[in-house]
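Geometric and topological summary
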Amino acid sequence: MKDWQANKLMPGAIIPKSGTAREYKTGGWRSKAPKWNEEKCKQCLICWISCPEGAILVKDGKVRGIDMDYCKGCGICATECPFDVIKMVEG
Ligand code: SF4
Ligand code: SF4
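The following paragraphs examine the structure supplied in this document.

Conventions we followed
- Residues numbered from 1 in each chain as written.
- Chains lettered and ligands numbered in written order.
- Predicted model: local features only at pLDDT ≥ 70, side-chain atom pairs only at ≥ 80, totals over all residues.
- Heavy atoms only, no water.
- Near = heavy atom within 4 Å.
- Nonpolar A, V, L, I, M, F, W, Y, C, P; charged D, E, K, R; others polar.
- Pairing = 2+ DSSP bridges.
- Helix = DSSP H or I, 4+ residues; strand = E, 2+ residues; numbered from the N terminus.
- Phe/Tyr/Trp six-rings, centres within 6.5 Å; stacked < 30°, edge-to-face > 60°.
- Lys NZ or Arg CZ within 6 Å of the ring centre and 35° of its normal.
- Core = buried A, V, L, I, M, F, W, Y, C linked by side-chain atoms within 4.5 Å.
- Buried < 20%, exposed > 50% of the residue type's maximum accessible area, 1.4 Å probe, protein only.
- Contact = heavy atoms within 4.5 Å.
- Salt bridge = Lys/Arg side-chain N within 4 Å of Asp/Glu carboxyl O.

Quick notes on the site of ligand 1
- Neighbouring ligand 1 are C51, P52, I56, I66, C71, K72, G73, C74, G75, I76 and C77.
- Across the shell around ligand 1, the residue classes break down as eight nonpolar, two polar and one charged.

The structure is reproduced here in structure tokens:
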């Protein structure tokens, strides 16, 4: 450890500028897609706070849909929804 120096390490991931997440469309990773049932939705917004990609679309305090450009199909929203409103399906 006494010879360790940060400047001798190879550079890892480099983010050359900030605010680029919008350009990085994670929807391409998806093997399954969430299917949201608007009629059954209780608008508790738990899916919205749980989604790691911010892909749950909310307007005026209500879920309006899912942005498939950014939904990576992780299924967290379906797992966390207490009312079984979101199902993961092929696609
Ligand atoms: S499947 Fe994952 S990425 Fe897609 S909306 Fe649900 S929580 Fe977000
Ligand atoms: S967690 Fe379920 S009930 Fe709550 S807003 Fe999302 S889809 Fe609707």
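Points about the pairing of strand β3 (residues 62–66)
- The pairing of strand β2 (residues 56–59) with β3 spans four bridges and is antiparallel. Each bridged residue has a counterpart across the sheet, and for L57 the counterpart in β3 is G65.
- The hairpin turn running from β2 into β3, its antiparallel successor, is two residues long, and D60 in that turn takes a positive phi close to 55°.

What to know about the site of ligand 2
- Around ligand 2, a shell composed of 13 residues is seen, among which C41, C44, L45, C47 and C81 lie nearest.
- Per-class residue counts for the shell around ligand 2 are 11 nonpolar, one polar and one charged.

A word on the environment of G54
- Secondary-structure assignment places G54 in the loop between α1 (46–50) and β2.
- For the pair G54 and D67, spaced 13 residues apart in the sequence, the C-alpha separation amounts to 8.6 Å.

Describing the packing of aromatic side chains
- In this structure the tally under the stated criterion is one aromatic pair.
- The ring of F83 is capped by K42, whose NZ or CZ atom sits 6.0 Å from the centre of that ring.

Concerning the nonpolar core
- Core analysis: the largest hydrophobic core is formed by 16 residues, its most contacted members being W36, C47, A55, I56, V63, I66 and I86.
- For this core, the elements supplying multiple residues, two or more each, are β3 and α2 (76–80).
- Not counting the four nearest positions on each side in its chain, I56 is found in contact with C47, W48, C51, V63, G65, I66 and C77.

Brief notes about the pattern of salt bridges
- The final tally for this structure, using the stated rule, is three salt bridges.
- In this structure, the salt-bridge partner of K25 is D69, at a minimum N-O distance of 3.6 Å. Here K25 is found in the segment before β1 (32–36), whereas its partner D69 is found in the loop between β3 and α2, with 44 residues between them in sequence.
- A relative accessible area of 40% places D69 in the partly exposed class.
- In this structure, the salt-bridge partner of K72 is E53, at a minimum N-O distance of 3.0 Å. Of this pair, K72 sits in the loop between β3 and α2 while E53 sits in the loop between α1 and β2, and the two are 19 residues apart along the sequence.
- The class of K72 is partly exposed, set by a relative accessible area of 23%.

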